[in-house]
Amino acid sequence: MTSDNSLSSTPSSSIKGTVKVPGDKSISHRSLMFGALAIGKTNVFGMLEGEDVLATAKAMRALGAHVERDDQGVWHIEGRGIGGLCEPEDVLDMGNSGTSARLLMGILGSHPITTFMTGDASLRKRPMGRVANPLAEMGTQVHCRSGQRLPLMVQGAETPMPIRYKLPMASAQVKSCILLAGLNTPGETTVIETEHTRDHTELMLRHFGAEVRVTQTDEGRETTIVGQPELKAADVHVPSDPSSAAFPTVAALINEGSELRLPGIGMNPHRNGIYITLKEMGADITLENERTEAGEPVADLVVRASKLKGITVPAERAPSMIDEYPVLAIAASFAEGKTIMEGLGELRVKESDRLSAVANGLKACGVTCEEGDDYLIVEGSPAGVQGGGTITTHFDHRIAMSFLVMGMAAKEPVKVLDADAIDTSFPDFAKLMNGLGAQIG
């Protein structure tokens with residue numbers, strides 16, 4: 001990596017090999033949190049050791065859990081039980097991780113302790129009111145900076161109250177925050193959503209022994225947690241992250257002659273929208289050895305270079321692939337025809353305004369696109385993408401990785417700035433891709 005933390009991706013030949021991508025970030029975060037709330041020792045295999053998850057591990061230690069990694073890479077968490085976390089001596093720094101911040105706010109919201117929380121420059125810009133508001137209904141006091149942003153203080157409720165809360169927007173983080181606040185709240189706490197979002201929290205809470213009910217009603221999908229259970233330690237085998245796997249997948253699809261095997265990818269139906277979409281575009285993706293691990297569906301993926309065609313991606317699919325639209329836009333750039341992506345408003349409040357960052361990056365590389373308030377239209381070019389752009393990543397790992405994938409198949413190299421942001425979710429991304437035939441450096 002150069003001294004200015006930039007990376008350049010130059011045109012490569014085919015992408016071939018077998019590669020184990022890092023563990024699922026969502027499940028890694030939750031295994032640390034739930035292990036800390038359980039009685040006994042939880043062992044976690046295949047944990048993602050990116051900066052975001054390490055921030056969660058550090059926070060759980062500060063809250064009194066014993067968290068350590070052994071020489072074999074297995075993580076061990078000695079829990080304190082529901083309601084057993086202690087007040088931290090210092091501010092909790094959540095780094096770049098919105099998941100850590102929002103889920104932890106829920107856990108802390110029903111502990112009668114006071115906690116201060118901050119994050120990096122990117123996280124301090126992200127809205128926290130969406131979780132602070134329902135927590136206030138439960139009796140939690142959250143005092144935020146202007147614009148309901150970090151740094152903030154969480155003053156947990158002495159006697160938290162269960163609520164029924166209808167989500168104003170599709171957000172697994174907000175749903176999870178409320179359910180986790182409900183863990184240490186007497187009675188039943190219910191979240192209602194009109195659009196399905198990823199359900200890792202529900203599946204993993206059951207894995208640790210909580211009672212979680214999901215019913216479909218006229219109002220929507222209702223998820224109810226029965227408060228104050230005794231969570232029991234449970235080993236977790238973390239599947240490989242489907243979001244991380246999307247980058248080598250798209251790289252293989254757009255580089256002629258490529259064939260790639262990706263073992264053990266999480267195939268949760270609320271997370272696999274990118275693979276459904278790519279197959280609709282004509283991608284040759286085969287699922288093998290389908291199985292279940294820690295309540296999560298898992299499969300091995302075989303990906304072969306494919307001629308892609310443009311499609312319209314329906315808005316209702318957005319919650320199942322919200323993090324993958326940047327790399328989907330790269331695939332769309334090499335497809336024949338126009339790809340229309342709708343329902344993307346949530347992308348504007350991610351690690352960066354991802355919608356604008358993607359559109360600006362595409363234009364810098366010669367791709368014709370149209371950016372709307374909540375949509376993106378990409379004009380594909382099966383004859384090839386020019387490339388040659390310098391991409392401002394806004395310290396966003398997914399923007400950086402997406403445009404490095406573009407550079408592997410473009411006519412001219414693509415340079416991304418602040419590429420060290422990649423370490424938040426995919427340590428050694430460049431090294432891994434280079435091992436498959438990429439030229440990133």
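Look up a bit, the structure's there.
Note that the structure is predicted; figures quoted are calculated from it, not measured.

What to know about the sheet that holds strand S3 (residues 41-45)
Moving on, step 1. Pairing in this open sheet of 4 strands is mixed, and the strands run S4-S5-S3-S14 from one edge to the other. Where the open sheet ends on each side, the last strands, each with one partner, are strand S4 (66-69) and strand S14 (236-237).

A few points about helix H4 (residues 129-137)
Moving on, step 1. The set of residues buried in H4 consists of Gly129, Arg130, Val131, Ala132, Pro134 and Leu135.
Moving on, step 2. At its buried positions, H4 is contacted by helix H3 (98-109), strand S8 (141-145), strand S10 (164-166) and helix H5 (172-183).
Moving on, step 3. With its phi angle positive at about 105°, Gly139 sits one or two positions after the end of H4.

Some details on helix H2 (residues 51-62)
Moving on, step 1. Here H2 is 12 residues long and its end C-alpha atoms lie 16 Å apart, about the 16 Å a rise of 1.5 Å per residue gives.
Moving on, step 2. Every buried residue belonging to H2 is among Asp52, Val53, Ala55, Thr56, Ala57, Ala59 and Met60, and all of these are buried.
Moving on, step 3. Next to the buried residues of H2 lie helix H1 (25-37), S4, strand S5 (75-78), strand S6 (92-93) and H3.
Moving on, step 4. Following H2 by one or two positions, Gly64 has its phi on the positive side, about 110°.

Digging into the pairing of S3
Moving on, step 1. Here S3 pairs with S5 via 4 bridges, running antiparallel. In the strand pairing of S5, Thr42 is matched with Ile77.
Moving on, step 2. In this sheet, S14 lies alongside S3 in parallel orientation, the contact comprising 2 bridges. By the bridge assignment for S14, Phe45 is matched with His237.

Describing the pattern of salt bridges
Moving on, step 1. Using the criterion set out here, one finds 26 salt bridges in the structure.
Moving on, step 2. Taking the shortest distance from any N to any O, the salt bridge between Arg213 and Glu188 comes out at 2.8 Å. Here the residue Arg213 occupies a position in strand S12 (residues 212-216), and Glu188 occupies one in strand S11 (residues 188-193), the gap between them amounting to 25 residues.
Moving on, step 3. Between Glu293 and Arg291 there is a salt bridge whose closest N-O contact spans 3.3 Å.
Moving on, step 4. Overall, Glu293 belongs to the partly exposed group, its relative accessible area being 26%.
Moving on, step 5. A network of salt bridges, in which partner residues are shared, links Arg198, Asp323, Arg354, Asp396 and Arg398.

Things to note about the packing of H5 against helix H6 (residues 200-207)
Moving on, step 1. Put simply, H5 and H6 touch, their axes get as near as 10 Å, and they point 30° apart. Considering the angle they form, H5 stands roughly parallel to H6. In this structure, H5 contributes Lys175, Ser176, Leu179, Leu180 and Leu183 to the contact, and H6 contributes Thr201, Glu202 and Leu205.
Moving on, step 2. Within the contact of H5 with H6, the residues separate by chemical class into 4 nonpolar, 2 polar and 2 charged.

Reading guide: rules and limits
- Residues numbered from 1 in each chain as written.
- Predicted model: local features only at pLDDT ≥ 70, side-chain atom pairs only at ≥ 80, totals over all residues.
- Heavy atoms only, no water.
- Pairing = 2+ DSSP bridges.
- Helix = DSSP H or I, 4+ residues; strand = E, 2+ residues; numbered from the N terminus.
- Buried < 20%, exposed > 50% of the residue type's maximum accessible area, 1.4 Å probe, protein only.
- Contact = heavy atoms within 4.5 Å.
- Expected span 1.5 Å × (residues − 1).
- Salt bridge = Lys/Arg side-chain N within 4 Å of Asp/Glu carboxyl O.
- Axes fitted to C-alpha atoms, helices over the stretch in contact; angles between N-to-C directions.
- Parallel < 35°, antiparallel > 145°, perpendicular 65-115°, else oblique.
- Nonpolar A, V, L, I, M, F, W, Y, C, P; charged D, E, K, R; others polar.

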